[in-house]
Number of protein chains: 2
Amino acid sequence: MKTSRLTSNDRAVLLGSRLFANLPAPAAEAVLEGATISRHEAQDVLFHQGDAIEHVFFVVSGLVRLYGTGKGGREADIAVFPRGALFGEKAVFLDQRATAHAQAVHPSIIAKLDGPRLCRLVREEADVAWALLELLCRHGQMTEKRLAEDRLLTAPQRVANYILGQCPGDSPAFTFRLPFQKNVLAGKLGLAPEALSRAFSTLRQSGVIVKGRLIEIRDREALERF
Amino acid sequence: MKTSRLTSNDRAVLLGSRLFANLPAPAAEAVLEGATISRHEAQDVLFHQGDAIEHVFFVVSGLVRLYGTGKGGREADIAVFPRGALFGEKAVFLDQRATAHAQAVHPSIIAKLDGPRLCRLVREEADVAWALLELLCRHGQMTEKRLAEDRLLTAPQRVANYILGQCPGDSPAFTFRLPFQKNVLAGKLGLAPEALSRAFSTLRQSGVIVKGRLIEIRDREALERF
DNA sequence: CGCGCGTTTGAGCATGCTCAACATGAGTGG
DNA sequence: CCACTCATGTTGAGCATGCTCAAACGCGCG
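- Taking an unreviewed UniProt entry as the reference, chain A is identified by name as Crp/Fnr family transcriptional regulator belonging to Sinorhizobium medicae.

Okay, here's the thing in structure tokens:
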């Protein structure tokens, strides 16, 4: 892992992300001031539970998973962050240590925003505060939704749900490409890889065809009924 | 359910809660401006998934649970809010409809803060924005922690965890009273009531004695090992 | 006293995990 | 371009956990 300054491409990705979308340019620039970039190989651990966190992390490219650990080295994914996602902000704002581990799933470029500086900006710049408030609300809702899903849905239902979440508004049939290995999807859905595989098998009879990372849905209705 | 203005006792509870703890008096007053109070019987539904939400809710007294529903009327608790807790804020700030149902578990007094007004205050008053940001961070962390627990811990482990969370810092033995029925605890922990009962049975051999709502822990170490 | 709710206990069952074997596929080097 | 290799994905069998359904229990309250 090595650290450097932002390239102009990095800046473009950052400024184009949801967080910055509704932020006036000066405020956005202020947030980026002092940010650094680091590159990580797949499997690199960005931080461990209990680490002191001094930065808010932003995925410029790649994929990062946030996970907790239990007895015997068992791991459970809490969230998976694609390009454009922000994480680590809760620990920073609460001035706490990390409550989970973070690991790069793909080779990743990560922007690190200066934590204390961001805290100050939040207190001073209403626009920044509002942007982060919205972001936290969205994160919170995602997590709550996932919690409810875990408790309500079977494996095939969760997978069906995920697939429907990937598909555009109303088309009855469509195809898309998984943005990561099935491995990772299984973790995200709280399933063992074998369970995911079997869930896909089950869904085949509802018109879901899986070829590698390509998912083809023939009958949206059937999926929704699941 | 009937609606009225805040009593001075209501104000006291609100101003003493975590949200207002670090808020200067004028800002706190501004937040409370226009708030109303409503009383609810146990089992009353405050709102359903999909309802338009115009208020941020605050539990002055009683207990409220937030839950999602699945096929066949199955329910899964997302959170349980005791006195002093705030909820509904995510839907309000994102200007969305409710993503879950809320139901009074005990007879409850609920303060309703005017949503649009609060949004405006957040944008104008840095103190208010910061207070809500912290609150959202705490909520988010709780939810994430629960998600990880669900996926990592068995029923007895979750119960042991809950018990340890209720106990003061370091005492090796202690006793406390459940703040609600076992029923509700089961929901909060994502268990069927029967599973909770059996978990308590299991924990008996680790020095946990349950008499009605009274929980007595003889050996804290044994619980942590679980 | 008896009704009703909350809790406990029991038995059977479904879901998903573990472990292991096997298949597939991508990447590497000859 | 093929062969080899390692990682990834699939399939199978057995098992553990927790859910469902049903019945008994206990306690509070009319």
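Okay, back to it.
Things to note about the pairing of strand β12 (residues 214–217) of chain A
Residue and element names in this part refer to chain A.
Argument step 1. Going residue by residue along β12, you find I215 and I217 tucked away on one face and L214 and E216 left uncovered on the opposite face.
Argument step 2. Inspection of the sheet shows strand β10 (residues 174–177) paired to β12 by four bridges, in the antiparallel sense. Counted as the bridge partner of F176 is I215 from β12.
Argument step 3. Counted between consecutive antiparallel strands, the loop separating strand β11 (residues 208–211) from β12 contains two residues, among which G212 sits at a positive phi close to 65°.

Considerations on the packing of helix α1 (residues 8–16) of chain A against helix α3 (residues 25–32) of chain A
Residue and element names in this part refer to chain A.
Argument step 1. Relative to each other, α1 and α3 sit at 125°, their axes nearing to 11 Å. Considering their axes alone, α1 and α3 lie oblique with respect to each other. In this structure, α1 crosses over α3, and the sense of that crossing is right-handed. Within the contact between the two elements, α1 uses R11, L14 and L15 and α3 uses A28, E29 and L32.
Argument step 2. Split by residue class, the contact of α1 with α3 holds four nonpolar, no polar and two charged.

Details of the domain arrangement of chain A
All names here are of chain A.
Argument step 1. One can read the domain layout of chain A as domain 1 (3–151) and domain 2 (155–225).
Argument step 2. For domain 1 versus domain 2, the separation of C-alpha centres amounts to 27 Å.
Argument step 3. The partner domain 2 presents eight residues to the eight residues of domain 1 that form the contact.
Argument step 4. Taken together, both faces of the contact between domain 1 and domain 2 bury some 730 Å²; the carbon and sulfur share is 54%.
Argument step 5. Considering only the surface of domain 1 that becomes buried against domain 2, V80, E149 and D150 emerge as the three largest contributors, covering 48% of it.
Argument step 6. Joining domain 1 to domain 2, the criterion identifies one salt bridge.
Argument step 7. Note that R158 and D150 form a salt bridge whose closest N and O atoms lie 3.6 Å from each other.

What counts as what
Residues numbered from 1 in each chain as written. Chains lettered and ligands numbered in written order. Predicted model: local features only at pLDDT ≥ 70, side-chain atom pairs only at ≥ 80, totals over all residues. Heavy atoms only, no water. Buried < 20%, exposed > 50% of the residue type's maximum accessible area, 1.4 Å probe, protein only. Helix = DSSP H or I, 4+ residues; strand = E, 2+ residues; numbered from the N terminus. Pairing = 2+ DSSP bridges. Axes fitted to C-alpha atoms, helices over the stretch in contact; angles between N-to-C directions. Parallel < 35°, antiparallel > 145°, perpendicular 65-115°, else oblique. Left-handed = near helix turned anticlockwise from the far one by under 90°. Contact = heavy atoms within 4.5 Å. Nonpolar A, V, L, I, M, F, W, Y, C, P; charged D, E, K, R; others polar. Domains from an automatic or database assignment. Buried area = accessible area lost by both parts, 1.4 Å probe. Salt bridge = Lys/Arg side-chain N within 4 Å of Asp/Glu carboxyl O.

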